[in-house]
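Take a look at the letters that make up each chain.
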Amino acid sequence: MASVSLEQVRKEYPNGHVAVEGASFEVADGERLVLVGPSGCGKSTLLRMIAGLEEISSGALRIGDRVVNDVAPKDRDIAMVFQSYALYPHMSVAENLGFGLSLRRVATAEIRRRVEDAARMLELDKVLDRKPGQLSGGQRQRVALGRALVREPQVFLLDEPLSNLDAKLRAVMRTEIARIHASLGTTMIYVTHDQVEAMTLGQRIAVLLDGKLQQIDTPMALYRDPANLFVATFLGSPAMNILQGRLDLPTGPRLVFNDGSMLDLVGATIPGDWHGRTVKVGLRPEHMVLRDGGGQGTPATVAVVEALGSETFAHLSVAGQASVVRMAGENAMPIVGSAMTLSCDGRHALLFDPENGQRMRG
């Protein structure tokens, strides 16, 4: 096992496109780090540079104490699991699991031991004689994971390995991967565009956008304390509400909208010299409360209601801006088109600069 360290790692293609710009972070020995971001943000390119499948334009990459910029992939002691299973259809599960070890001329007895251990861990021991075409999607993904496990590498790299599975199976496999990692304690770097996967799998999450690292921290730290608007709205489902208005502090604090309506930010701590500034206020759906119209609060119109059983999401129009409130499932559901009033817990309000999207801190 080993740590992975990146120091100002950059990837620029011959056509001038910069896929990764100055990435610097460390993955601790035994840690499970998730790289997350939208398609094209550079996360897979970054993973491929760690694997040695893409050349590094500049910067330093270390696995353990060794700089591996110019080390061949086969000599980096890593194992990679791709989005496609890439199993050999004519081989049995056991042969697929052990094929890489055979190429490395590992002793037959040792191959058998490692294959049996991986099969037992992944609950594949009853299908070792089957061909990939006889397996379910989840079983094929387990074989792909097992093929990496038997290598016993210092670092596991996983590039969107669950994207071909249905939603129910993805949830099962997320738990499976977390269990495997806890059992092995091996350093793992996992790439996904799915923020739910990132939040549930990452011990820490690195958020990327346009090739640049936006923030790296634990899932809950990112959820509660995002550095900018992109991180705030990318992590969390439904996304954080962002409402723009002007700060009124002498009579508040409150946010005044263009139509003259106001949202009280009771409990928010805002510097007095910010009075009159135009800001974007971020509030999670669970920190907002919806009540019947006529009471105190900000006027809001119900646009869409999503009833999910255990909870309900009410999509609103507030001063012409979209907002979502998370409600307990057993509460009376609002009627689409009805006039309601909205309030919030200002202690959880986050302020962002409307020009550059960066978090405003007093």
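This structure is a prediction, so every number in the text was calculated from the model and none was measured.

Asks: Hey, could you run me through the pattern of salt bridges in this one?
Replies: Side-chain pairing between opposite charges can occur once the charged atoms of the two side chains come close. Inspection of the entire model under this criterion finds 21 salt bridges. Across the pair arginine 113 and glutamate 110 runs a salt bridge whose closest N-O atoms are separated by 2.6 Å. Pair noted here: arginine 113 and glutamate 110 are both in helix 3 (residues 108-121), with a separation of three residues, about one helical turn. The closest approach of N and O atoms between glutamate 176 and arginine 142, which form a salt bridge, is 3.9 Å. With glutamate 176 in helix 5 (residues 167-184) and arginine 142 in helix 4 (residues 137-149), the pair connects residues that are 34 residues apart, well separated along the chain. Each member of the pair, glutamate 176 together with arginine 142, is buried. Salt bridges sharing common partners tie together Glu110, Arg113, Arg114, Asp117, Arg120 and Glu152.

Asks: Please explain the sheet that holds strand 12 (residues 254-256) as it appears in this structure.
Replies: In a beta sheet, neighbouring strands are held together by backbone hydrogen bonds and run either parallel or antiparallel to one another. Pairing within the open sheet is antiparallel, and its six strands lie in the order 13-12-11-14-20-21. Taken across any chain shown, the strands that pair with only one partner, and hence form the sheet edges, are strand 13 (262-264) and strand 21 (359-360). Judged from the three bridges that link them, strand 11 (residues 241-248) and strand 12 form a sheet pairing that is antiparallel. Bridging across to strand 12, aspartate 248 finds its partner in arginine 254.

Asks: Sorry, what's going on with the packing of helix 2 (residues 93-103) against helix 4 here?
Replies: The axes of two packed helices give the description: the angle between them and the distance between them. Between helix 2 and helix 4, the shortest axis-to-axis distance is 8 Å and the interhelical angle comes to 30°. In this structure, helix 2 meets helix 4 at a crossing whose hand is right-handed. Taking contact as the criterion, the partners of Val93, Asn96 and Leu97 in helix 2 are, on helix 4, Val143, Gly146 and Arg147. Partitioned by chemical class, the residues of the contact of helix 2 with helix 4 number three nonpolar, two polar and one charged.

Asks: Would you explain the sheet that holds strand 18 (residues 321-328) in this entry?
Replies: Read across the open sheet, the five strands follow the order 15-19-16-17-18; overall the sheet is antiparallel. Each of the sheet's edge strands pairs with one partner strand only, and the pair in question is strand 15 (288-292) and strand 18. Across this sheet, the average inter-strand angle for adjacent strands is 45°, counted without regard to direction. The pairing of strand 17 (residues 311-318) with strand 18 spans eight bridges and is antiparallel. Bridge assignment links glutamate 311 to a residue of strand 18, and that residue is alanine 328.

Asks: Where do I start with the packing of aromatic side chains in this structure?
Replies: For any two aromatic rings, the description comes down to two numbers: the centre-to-centre distance and the angle of the planes. Per the stated rule, a full pass over the model turns up two aromatic pairs. Measuring from centroid to centroid gives 5.0 Å for tyrosine 88 and phenylalanine 99, while their planes differ by 65°, and the two rings are edge-to-face. Of this pair, tyrosine 88 sits in the loop between strand 6 (78-81) and helix 2 while phenylalanine 99 sits in helix 2, and the two are 11 residues apart along the sequence. Assessed through its relative accessible area of 33%, tyrosine 88 is described here as partly exposed. For the cation-ring pair, arginine 277 lies above tryptophan 274, with the distance from its terminal atom to the ring centre recorded as 5.4 Å. Sitting over the face of the ring of tyrosine 223, arginine 284 holds its NZ or CZ atom 3.9 Å from the ring centroid.

Calculation notes
- Residues numbered from 1 in each chain as written.
- Predicted model: local features only at pLDDT ≥ 70, side-chain atom pairs only at ≥ 80, totals over all residues.
- Heavy atoms only, no water.
- Salt bridge = Lys/Arg side-chain N within 4 Å of Asp/Glu carboxyl O.
- Helix = DSSP H or I, 4+ residues; strand = E, 2+ residues; numbered from the N terminus.
- Buried < 20%, exposed > 50% of the residue type's maximum accessible area, 1.4 Å probe, protein only.
- Pairing = 2+ DSSP bridges.
- Axes fitted to C-alpha atoms, helices over the stretch in contact; angles between N-to-C directions.
- Left-handed = near helix turned anticlockwise from the far one by under 90°.
- Contact = heavy atoms within 4.5 Å.
- Nonpolar A, V, L, I, M, F, W, Y, C, P; charged D, E, K, R; others polar.
- Phe/Tyr/Trp six-rings, centres within 6.5 Å; stacked < 30°, edge-to-face > 60°.
- Lys NZ or Arg CZ within 6 Å of the ring centre and 35° of its normal.

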